[in-house]
Amino acid sequence: MTGKQQIKSWERPVEWALGNMDEALFNFGSFMLSMSRKPPYTSDQAGLAWLEKTAQSPVDLSSWFSAPPPPIIKLITSKNLPLTALPLGVSAREFSVSKIEYPSAIKTGFPANDTVHGLYLQRRGYEDGPVLIYLHGWMEFEPGLSLRLPLSWASQLNLNILALHMPFHFERTQPGTLSGELSITGNLPLAVKGMQQAISDVRQALGWLKRDNPQRTIGLGGKSLGGLVGAMTLVIEPGFEAAVLAVPATSTRASIWRSAHTRRMRQDLTSQGLDEEATARLLEIIRPGRYRPLLDPARILILKARADRVCFPDDTDRFTDQWQTPVLELPTGHITATFDPRGRRAVQLHLKHFLSGMG
């Protein structure tokens with residue numbers, strides 16, 4: 001699939017309404033964080049100095065994002081694992097579902113966060129088939145609910161799904177905080193450390209999947225923050241056959257300084273004397289458009305939402321132009337993009353083509 005699908009004029013009112021709905025939800029989330037009345041999250045000066053240095057010189061990605069050894073992963077099977085809000089036509093009985101956990105190769109100093117968790121859904125009868133590694137979005141709070149998107153993509157293709165839980169989310173949440181709260185704050189060195197950890201976690205999982213089956217084809221999917229982690233992983237990891245990045249947060253500048261969802265973070269940054277330009281410069285190491293993907297760009301599909309108020313469409317256009325990837329425009333907001341049937345069909349065609357040996 002190439003090029004950009006244009007939005008028809010009659011879809012503009014729907015686009016406007018869905019964008020405003022997203023905005024209302026983001027304002028509510030930002031308000032709830034502000035009402036928690038927690039102390040500001042601030043950066044240590046040594047960490048800021050290191051980020052400043054990486055922004056001004058070439059980065060040795062192979063060193064900073066070094067390949068970790070495959071972990072020993074525990075599979076904990078249970079009949080009571082929650083699979084909530086399943087897409088139409090998908091039954092939990094079609095999958096054998098296991099919890100996974102393994103020590104992260106990167107340590108952040110938060111014990112709960114430094115163990116990786118996730119859910120492994122093996123399609124009955126296709127357990128040795130291709131796998132989609134899926135990365136969820138920021139501040140998602142219910143792991144069963146977060147499975148709705150990868151299931152809508154992969155279930156009709158008989159793909160297995162390894163849904164990794166991102167740093168500081170779900171079981172990895174630090175006590176006294178909300179799921180995902182610590183992953184994006186005014187503590188920029190911690191945010192970058194979390195990104196380094198997330199990429200390492202994905203590479204560990206990939207190594208585990210391929211250790212006993214080196215020829216197995218693996219795809220990578222990510223939504224929003226997971227799309228950013230996915231994009232950065234594709235810069236350093238050559239082991240994927242296909243990727244889908246849904247409304248990816250590839251511009252930290254815009255997502256932090258233009259979105260209602262990150263109002264609390266802006267307050268913490270401003271209290272440290274950091275403005276938009278300084279923040280963008282300090283986070284340059286995790287801007288995927290700075291690099292080139294190791295995967296053929298034709299194998300990377302981007303979903304873009306025209307009314308996105310978090311990962312703004314002009315920034316998505318800039319990123320897809322830099323990487324020269326196919327992109328599908330949807331007349332939705334950030335949240336509702338993942339419910340659009342056109343997006344689902346496009347992703348299914350993309351994964352079917354590149355994960356089934358047809359590419």
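Data block above holds the structure.
Summary of the structure given here. Remember, it's a predicted structure, so these values are computed and weren't measured experimentally. (Residues numbered from 1 in each chain as written. Predicted model: local features only at pLDDT ≥ 70, side-chain atom pairs only at ≥ 80, totals over all residues. Heavy atoms only, no water.)

This part is about the overall build of the protein chain. Looking only at helices and strands, the protein chain features twelve helices and nine strands. For the protein chain, the proportion of its 359 residues judged to be buried stands at 59%. In the protein chain, once contacts between residues fewer than 6 apart in sequence are set aside, the share between residues at least 24 apart is 78%. When the accessible surface of the protein chain is summed, it comes to about 14,900 Å², and 57% of that surface belongs to carbon and sulfur atoms. (Helix = DSSP H or I, 4+ residues; strand = E, 2+ residues; numbered from the N terminus. Buried < 20%, exposed > 50% of the residue type's maximum accessible area, 1.4 Å probe, protein only. Contact = heavy atoms within 4.5 Å. Areas by Shrake-Rupley, 256 points an atom, 1.4 Å probe, with all protein chains shown as cover.)

Moving on, we come to the pairing of strand 5 (residues 160-164). Counting buried positions along strand 5 gives five out of five residues, so the element sits mostly inside the fold. Alternating residues of strand 5 divide into Asn160, Leu162 and Leu164 and Ile161 and Ala163, and every residue in both groups is buried. Two elements, strand 3 (residues 115-123) and strand 5, share four bridges in a ladder whose sense is antiparallel. Paired with glycine 118 across the strands is leucine 164, a residue of strand 5. (Pairing = 2+ DSSP bridges.)

Note that glycine 222 resides in strand 6 (residues 218-223). With 27 residues separating them in the primary sequence, glycine 222 and alanine 249 have C-alpha atoms 10.0 Å apart.

For any two helices packed against each other, one specifies the crossing angle of their axes together with the interaxial distance. Interaxial distance between helix 6 (residues 188-211) and helix 7 (residues 225-236) falls to 9 Å at its minimum, and their mutual angle equals 65°. As summarised for this structure, helix 6 and helix 7 are arranged roughly perpendicular, according to the angle between their axes. Both helix 6 and helix 7 take part in a crossing whose hand is right-handed. Only Leu228, Val229, Met232, Thr233 and Ile236 of helix 7 make contact with helix 6, whose side of the interface consists of Met195, Ala198, Ile199, Val202 and Arg203. Split by residue class, the contact of helix 6 with helix 7 holds eight nonpolar, one polar and one charged. (Axes fitted to C-alpha atoms, helices over the stretch in contact; angles between N-to-C directions. Parallel < 35°, antiparallel > 145°, perpendicular 65-115°, else oblique. Left-handed = near helix turned anticlockwise from the far one by under 90°. Nonpolar A, V, L, I, M, F, W, Y, C, P; charged D, E, K, R; others polar.)

Our focus in this paragraph is the pairing of strand 8 (residues 300-305). Across the six residues of strand 8, six count as buried, placing the element largely inside the fold. Residues Ile300, Ile302 and Lys304 point to one face of strand 8 and Leu301, Leu303 and Ala305 to the other, with burial holding for every one of them. Of the strand pairs in this sheet, strand 7 (residues 242-246) and strand 8 are connected by four bridges, and their pairing is parallel. The residue of strand 8 that forms the bridge with alanine 246 is leucine 303. Here strand 8 pairs with strand 9 (residues 327-330) via four bridges, running parallel. Bridge pairing links isoleucine 302 to valine 327 in strand 9. Each parallel crossover has a hand, and for strand 8 linked through helix 11 (residues 313-323) to strand 9 it is right-handed. (Right-handed = clockwise from strand over helix to strand, strands pointing away.)

With that settled, the discussion passes to the sheet that holds strand 3. Within the open sheet, the nine strands sit side by side as 1-2-3-5-4-6-7-8-9. Their pairing is mixed. Two strands close off the open sheet at either side, each with one partner strand: strand 1 (74-77) and strand 9. Pairwise comparison of adjacent strand axes, ignoring direction, gives a mean angle of 20° for this sheet.

Taken together, the buried positions of helix 9 (residues 263-271) are Arg264, Met265, Arg266, Asp268 and Leu269. Taken from the residues just after helix 9, glycine 273 is the one with a positive phi, measuring 80°.

This part takes up the packing of aromatic side chains. The full count for this structure, using the stated rule, is four aromatic pairs. With centroids separated by 6.1 Å and ring planes inclined at 85°, the aromatic side chains of tyrosine 134 and tryptophan 153 adopt a geometry described as edge-to-face. Here tyrosine 134, found in strand 4 (residues 131-135), pairs with tryptophan 153, found in helix 5 (residues 148-154); they are 19 residues apart in sequence, far enough to count as distant. Neither residue differs from the other here; tyrosine 134 and tryptophan 153 are each classed as buried. Seen from their ring centres, phenylalanine 319 and tryptophan 323 are 4.6 Å apart, and the 45° between their planes marks the pair as tilted. Taken together, the residues phenylalanine 319 and tryptophan 323, both in helix 11 and four residues apart, mark about one turn of the helix. Geometry around phenylalanine 95 places arginine 123 over its ring, the cationic atom sitting 5.3 Å from the centre. The residue whose ring lies beneath arginine 258 is phenylalanine 312, and the NZ or CZ to ring-centre distance is 3.9 Å. (Phe/Tyr/Trp six-rings, centres within 6.5 Å; stacked < 30°, edge-to-face > 60°. Lys NZ or Arg CZ within 6 Å of the ring centre and 35° of its normal.)

Our focus in this paragraph is the side chain of threonine 108. With respect to the helices, strands and loops of the structure, threonine 108 is situated in the loop between strand 2 (95-103) and strand 3. Looking at threonine 108, its side chain comes within polar contact range of the side chain of asparagine 113, at 3.0 Å. Setting aside chain neighbours within four positions, we find threonine 108 in contact with Asn113, Asp114, Phe168, Lys193 and Gln197. (Polar contact = N/O pair within 3.5 Å; in protein donor to acceptor, adjacent residues only side chain to side chain.)

Keep in mind these numbers describe shape, not what the thing actually does.
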